[in-house]
Amino acid sequence: MTTTPLDPTLDPTLGPADGIDPYAPSPRALRVVAGCGFLLLAACFVATVVAVLGDAVSGDGVAGGLVTAAFWTLGLGAATGVAALAAPRKGLVIAEYALAITAPLLALMD
């Protein structure tokens, strides 16, 4: 099998230190996963609203600082999702999902 210098993935002399990761997800796949993150953000928004309204009815009726932090977290998750769509990076997609899941947890802790 001969390798061409135009295809660095087939060159056995190149290693992971050369900046080529054969197992990295493609930018298109990252964009799809980031787009699906908006569905998770919507579901987490509904869960956060339900948690806040449940606390307002059965609790003391006063929203604390964690409720505000929960809604800010959802906004930051949406901004991170837009950034992940514009410039697909694995870290941005992970941050989008982490921020989405954190919001209902913060609302439940209040």
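Refer to the structure printed above.
An account of the accompanying structure is given in this report.

Bringing the overall build of the protein chain into the picture now. A tally of regular secondary structure across the protein chain gives 3 helices and 0 strands. Listing every helix and strand of the protein chain by position from the N terminus yields α-α-α. Scored against the burial criterion, the 110 residues of the protein chain give a buried share of 22%. Considering only intrachain contacts with a sequence separation of at least 6, the fraction spanning at least 24 residues in the protein chain is 73%. Total accessible area computed for the protein chain in this model is approximately 7100 Å², and 72% of it derives from carbon and sulfur atoms.

This part covers the packing of aromatic side chains. We describe a pair of aromatic rings using the distance from one ring centre to the other and the angle between the two ring planes. One pass over the full model with this rule turns up 1 aromatic pair. Considering the side-chain rings of F45 and F71, the 6.2 Å spacing of their centres and the 65° angle between planes classify their relative orientation as edge-to-face. Highlighted residues: F45 in helix 1 (residues 27-58) and F71 in helix 2 (residues 65-86), separated in sequence by 26 residues.

Packed helices, taken two at a time, are described by the angle between their axes plus the distance between the axes. At a closest axis distance of 8 Å, the pairing of helix 2 and helix 3 (residues 90-109) adopts a crossing angle of 165°. Put simply, helix 2 runs roughly antiparallel to helix 3. Considering only the axes of helix 2 and helix 3, their crossing is left-handed. Contact residues: L66, A69, A70, T73, L74, L76, G77, T80, G81, A83 and A84 in helix 2; L92, V93, A95, E96, L99, A100, T102, A103, L106, A107 and M109 in helix 3.

The next thing to look at is the nonpolar core. Counting residues in hydrophobic clusters, the biggest one holds 6 residues: A51, V52, V67, A70, L106 and A107. Those elements that provide at least two residues to this core are helix 1, helix 2 and helix 3. Not counting the four nearest positions on each side in its chain, L106 is found in contact with L66, A69, A70 and T73. Judged by nonpolar contacts, the second largest core, of 5 residues, contains L41, C44, A100 and A103.

The next point concerns the environment of A100. Among the structural elements, A100 can be located in helix 3. The exposure class of A100 is buried, given its relative accessible area of 0%. Along the backbone, A100 and G75 are 25 residues apart, and their C-alpha atoms lie at a distance of 9.1 Å. Those residues in contact with A100 that sit more than four places away from it in its chain are L40, L41, C44 and L74.

The next subject is the packing of helix 1 against helix 2. The interhelical angle for the contact between helix 1 and helix 2, taken along N-to-C directions, is 170°, at an axis separation of 9 Å. Taken together, helix 1 and helix 2 sit at an angle that is classed as roughly antiparallel. The residues of helix 2 that touch helix 1, namely those facing R31, A34, G35, F38, L41, C44, F45, T48, V49 and V52, are V67, A70, F71, L74, G77, A78, G81, V82, A84, L85 and A86. Partitioned by chemical class, the residues of the contact of helix 1 with helix 2 number 16 nonpolar, 4 polar and 1 charged.

Rules used throughout
- Residues numbered from 1 in each chain as written.
- Predicted model: local features only at pLDDT ≥ 70, side-chain atom pairs only at ≥ 80, totals over all residues.
- Heavy atoms only, no water.
- Helix = DSSP H or I, 4+ residues; strand = E, 2+ residues; numbered from the N terminus.
- Buried < 20%, exposed > 50% of the residue type's maximum accessible area, 1.4 Å probe, protein only.
- Contact = heavy atoms within 4.5 Å.
- Areas by Shrake-Rupley, 256 points an atom, 1.4 Å probe, with all protein chains shown as cover.
- Phe/Tyr/Trp six-rings, centres within 6.5 Å; stacked < 30°, edge-to-face > 60°.
- Axes fitted to C-alpha atoms, helices over the stretch in contact; angles between N-to-C directions.
- Parallel < 35°, antiparallel > 145°, perpendicular 65-115°, else oblique.
- Left-handed = near helix turned anticlockwise from the far one by under 90°.
- Core = buried A, V, L, I, M, F, W, Y, C linked by side-chain atoms within 4.5 Å.
- Nonpolar A, V, L, I, M, F, W, Y, C, P; charged D, E, K, R; others polar.

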